[in-house]
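# Remarks on the overall topology
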Amino acid sequence: MSRADAPAAPAPWYAARPTPVQTLHVHSRYVDGADTLAAMAEAALRAGLFSLGFSEHGYVPVPVVGEPCWMTPEETARYLAEARALQGALAGQLALFVGLELDSYGYDAALPLDYRIGSVHLLPGSEGLFSVDESRARLLHELGAAYGGDPLRLARRYYADVAAFAACCRPDILGHFDLITKFDESGSAFLEDSAAYRAHALEALDAVLDAGCIVELNTGAIARGYRRTPYPRRFLLERVRERGGRITFSADAHSAAGVACGLQEAAALARDVGFTEYAVLTADGFVSAPL
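Now for a quick tour of the structure. Because the structure is a prediction, the values reported are computed rather than measured. (Residues numbered from 1 in each chain as written. Predicted model: local features only at pLDDT ≥ 70, side-chain atom pairs only at ≥ 80, totals over all residues. Heavy atoms only, no water.)

## Re empty space enclosed by the protein
The tally for this structure, following the rule as stated, stands at one cavity of 30 Å³ or more. The space that makes up the largest cavity amounts to roughly 40 Å³. Lining the largest cavity are Arg136, Leu139, Leu140, Phe183, Asp184, Ala189 and Phe190. The residue inventory of the lining of the largest cavity, partitioned by class, reads five nonpolar, no polar and two charged. (1 Å grid on protein atoms, 1.4 Å probe; cavity = no way out; pocket = protein on both sides within 12 Å on 5 of 7 lines; lining within 4 Å. Points joined across faces, edges and corners; volume = space filled by probe spheres on them. Nonpolar A, V, L, I, M, F, W, Y, C, P; charged D, E, K, R; others polar.)

## Quick notes on the side chain of Ser55
Here Ser55 is to be found in strand β2 (residues 51–57). Discounting residues that sit within four places of it in the chain, Ser55 has contacts with Leu24, His25, Val26, His27, Tyr79, Gly99, Leu100, Glu101, Tyr115 and Ile117. (Helix = DSSP H or I, 4+ residues; strand = E, 2+ residues; numbered from the N terminus. Contact = heavy atoms within 4.5 Å.)

## Focus on the environment of Ala39
Relative to the elements of secondary structure, Ala39 occurs in helix α1 (residues 37–46). In this structure, the C-alpha to C-alpha distance between Ala39 and Ala257, residues 218 residues apart in sequence, is 9.7 Å.

## Details of the pattern of salt bridges
Here the structure, examined in full by the defined rule, presents 10 salt bridges. One salt bridge in this structure joins Arg243 and Asp210, with 2.6 Å as the shortest N-O distance. Residue Arg243 is found in the loop between α7 (234–242) and β9 (247–250), and its partner Asp210 is found in helix α5 (residues 195–210); the two are separated by 33 residues along the sequence. Glu242 is the partner of Arg239 in a salt bridge, and the nearest nitrogen-oxygen pair spans 3.8 Å. In this pair, Arg239 and Glu242 both sit in helix α7, three residues apart, roughly one turn of the helix. For Glu242, a relative accessible area of 62% gives the class exposed. (Salt bridge = Lys/Arg side-chain N within 4 Å of Asp/Glu carboxyl O. Buried < 20%, exposed > 50% of the residue type's maximum accessible area, 1.4 Å probe, protein only.)

## Digging into the state of the cysteines
Across all of its chains, the model carries zero disulfides by this definition. Summary of cysteine pairing: Cys69 is not part of a disulfide, and the nearest cysteine sulfur, belonging to Cys261, is at 19 Å. You can call Cys69 partly exposed: its relative accessible area is 30%. Left without a disulfide partner, Cys168 is nearest to the cysteine sulfur of Cys169, which lies 3.8 Å away. Given a relative accessible area of 61%, Cys168 falls into the exposed group. (Disulfide = S-S within 2.5 Å.)

## Quick word on the packing of aromatic side chains
When we look at a pair of aromatic rings, we describe it by the centre distance and by the angle of the planes. Under the definition given, this model contains seven aromatic pairs. Measuring from ring centre to ring centre gives 5.2 Å for Phe249 and Tyr278, while their planes differ by 65°; the resulting arrangement is edge-to-face. In this pair, Phe249 is assigned in strand β9 and Tyr278 in strand β10 (residues 277–282), connecting sequence segments 29 residues apart. Classification of Phe249 by relative accessible area gives buried; the value is 1%. Taking the ring centre of Phe235 as reference, the NZ or CZ of Arg198 above it sits at 4.1 Å. Across from the ring centre of Phe275, 6.0 Å away, lies the NZ or CZ of Arg241, which sits over that ring. (Phe/Tyr/Trp six-rings, centres within 6.5 Å; stacked < 30°, edge-to-face > 60°. Lys NZ or Arg CZ within 6 Å of the ring centre and 35° of its normal.)

Below, the structure is given as structure tokens:
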């Protein structure tokens, strides 16, 4: 048989269909999720996903206002052991990857991970570091108490931290880029339609892209009723597209029910912006899959 007559190689799993087949941002009972790692994997299979990444919140060794939202080092060791065991047990059924969502104040490049999501959650506040996504009340309190009631001042600090984090640590994926808009989808509090706000956000996004980070379309706030659209806003996605940056899709799921929430809608948005492919993690690293 000539080479020309040889049967074509089967398409890889990530090219099986033109909709997202993987989400790499998943949380469990180890921190603030509702279900076990095993339940999240089972839900991914039921949802028709071909691949899943565990990305529990990594340890942050600094005090914060409010309840800590991350694992201790001891919990991290247990999480990694359980995740690796599931990775082996489900081989051939679900392509599982083991990662962490690491904060700018707790980035650990030495842990044995398949990938890292880097996210800025913490900003300096009136009584110490606070999480910008804890609650609307907390964010508005700190806006007044620590940032003089000036939303652009807060936005400038947030995006400066995002840019510095990306440049310093270069995580594989930059998580929920414009997280400060979680409780303000309309843009009223953070003046998202102002030229000044957009300049701060776009400058930070350029730094993220310069660092080679993948930008996630994150639908987590949709599943939990805070938003109707994914992070980041469309004008930011347009900049990613213009710059030839890479995207991936993430449900940022905190329950089995939300493991694939909004992924197809996010893919439709990406296509409308002009993306034709997205980044998928494989055993050989990140590759491009058709969108």
